[in-house]
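Take a look at the letters that make up each chain.
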Amino acid sequence: MSRVGLEGQVAVVTGAARGVGELLARKLSARGAKVALVGLEEEALKEVSGRLHTDSAHWYADVTDHEAMTRVAREVKERFGKVDIVVANAGVANGGPFADSDPEAWRRVIEVNLIGSAVTARAFLPVLTESRGYLLQIASLAAITPAPMMTAYCASKAGVEAYAHSLRAEVGHQGVRVGVGYLSWTDTDMVRGADQDEVMRELRQRLPWPANKTYPLGPAVDRIVAGIERRSAHVYGQRWLRGMQGVRGYLPALIGTVGQREMKRFAPRLQGIRTGLVGAGGAADEEARVTHRH
């Protein structure tokens, strides 16, 4: 598929303060794109924006807030004149047994990862339709395969994958392309935060190869950038993920069997496992909600 040059394109990246979002913003900028950064960590966003190679600006907004995101879309259009690319990357995660999970944290994972992605698309679709642009929804290996101790995250990513595929069929005739990006465990604050829990770390290490590895961030983001340039329907941060599509129908039964055995083995150690949002991004989300409530 032919590539679209990024020189002079305007890209919006949510969850841009750290991890995938931050590095993606930097790599898009290095290829000549102007970048609008959106997230909950205003100082970090400001720092990222200040280090970019091209014209950029940042907006503090909760992606689940429809009014805020509609305002951001309007202001980005006013600031840059157009929007060509939107990457719905903002996401949070929690872990632990569903029965013992914090109901608020569980719900928040669904709200940010699924509802927030839909709010982002709803806000930006008018300007993407004007530019015949591209929406890339960041999903996960968790959209392809279920995993015990990750009920909220798997549900949110499976949901957002299905939503994005549905949306692609709706808006394609208007010239808007929609892609889904898949990442396995990638070296980000979110994954490092999950790994701080000994049980979660050990469970992950017991996954079959190649799903038990943590992959470097740089090559994964390079593949996302290449997918954006191609306006791809599917973008794989790790090459082997493409092969998972062909076997995904068999995975729920397999994981249901193997996962049962693993959970029985780990059952005595599950008491006291942390059930809130993980990593620095999760902490920022919790802090923003506390501040908003007060």
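Structural notes, computed from the coordinates. (Residues numbered from 1 in each chain as written. Predicted model: local features only at pLDDT ≥ 70, side-chain atom pairs only at ≥ 80, totals over all residues. Heavy atoms only, no water.)

**Some thoughts on the environment of Val160**
Rules: Helix and strand assignments come from DSSP, with helices taken as H or I runs of at least 4 residues and strands as E runs of at least 2, each series counted from the N terminus. Think of it in three bands: with a 1.4 Å probe and only protein chains considered, a residue is buried below 20% of the maximum accessible area for its type, exposed above 50%, and partly exposed in between. When checking whether two residues touch, look at their non-hydrogen atoms; a contact exists if any pair is within 4.5 Å.
Looking at where Val160 falls in the secondary structure, it is placed in helix α6 (residues 151–171). With relative accessibility at 0%, the residue Val160 sits in the buried group. In this structure the C-alpha to C-alpha distance between Val160 and Arg230, which are 70 residues apart in sequence, comes to 21 Å. Every residue in contact with Val160, bar those within four places of it in the chain, is listed here: Asn113, Leu114, Ser117, Gln137, Ile138 and Ala139.

**Observations regarding unusual backbone geometry**
Cis geometry marks the peptide bond from Trp209 to Pro210; its omega dihedral reads 5°. Topologically, Pro210 is positioned in the loop between α8 (198–205) and α9 (217–230). Of note, the phi angle at Met149 is positive, near 75°, even though the residue is not glycine. As for its placement among the helices and strands, Met149 is situated in the loop between α5 (141–144) and α6. By relative accessible area, Met149 is classed as buried at 5%. One non-glycine residue with positive phi stands out, namely Arg231, at about 55°. Looking at the secondary structure, you find Arg231 in the loop between α9 and β7 (234–236). Accessibility expressed as a relative area gives 11% for Arg231, which makes it buried.

**Here's the deal with the nonpolar core**
Under the convention used in this document: Take the buried Ala, Val, Leu, Ile, Met, Phe, Trp, Tyr and Cys residues and link them wherever side-chain atoms come within 4.5 Å; each set so joined is a nonpolar core.
Counting 64 residues, the largest nonpolar core has Val12, Trp59, Met69, Val76, Val83, Phe124 and Tyr182 as its most contacted members. Ranked by the residues each element gives to this core, the list is headed by helix α4 (residues 103–131), at 10 residues. Dropping the residues within four chain positions of it, Met69 is found in contact with Thr14, Val38, Ala61, Asp62, Val63, Val119, Thr120, Ala123 and Phe124.

**A short note on the pairing of strand β2 (residues 34–39)**
Using the following cut-off: One bridge is not enough; two strands pair if DSSP finds at least two bridges between them. A crossover gets the label right-handed when its path from the first strand over the helix to the second runs clockwise, viewed with the strands pointing away from the viewer.
Counting buried positions along β2 yields 5 of 6 residues, so the element is predominantly enclosed. Pairing of strand β1 (residues 10–14) with β2 involves 5 bridges; the strand directions are parallel. In the strand pairing of β2, Val12 is matched with Ala36. The β-α-β motif built from β1, the intervening helix α1 (residues 19–30) and the parallel element β2 has right-handed crossover chirality. When β2 meets strand β3 (residues 56–60), the two strands line up parallel, connected through 5 bridges. Directly across from Val35, in β3, lies its bridge partner Ser56. Note that the unit made of β2, helix α2 (residues 42–51) and β3 has a crossover that is right-handed.

**A word on the packing of aromatic side chains**
In plain terms, the rule: Planes of paired rings set the category: under 30 degrees apart is stacked, over 60 is edge-to-face and the rest tilted, where pairs are Phe, Tyr or Trp rings (Trp by its six-membered ring) whose centres lie within 6.5 Å. By definition, being over a ring means that NZ of Lys or CZ of Arg is both within 6 Å of the ring centre and within 35 degrees of the ring normal.
On inspection of all chains with the given rule, the structure shows 3 aromatic pairs. Geometrically, the ring pair formed by Phe98 and Trp106 is edge-to-face, given 5.7 Å between the ring centres and 75° between the ring planes. Residue Trp106 is classed as partly exposed on the basis of its relative accessible area of 23%. With centroids separated by 5.3 Å and ring planes inclined at 15°, the aromatic side chains of Tyr182 and Tyr236 adopt a geometry described as stacked. Here Tyr182, found in strand β6 (residues 177–182), pairs with Tyr236, found in strand β7; they are 54 residues apart in sequence, far enough to count as distant. Looking at Arg79, its charged tip hangs above the ring of Phe80, at a distance of 4.7 Å from the centre.

Function cannot be inferred from these measures alone, as they are strictly geometric.
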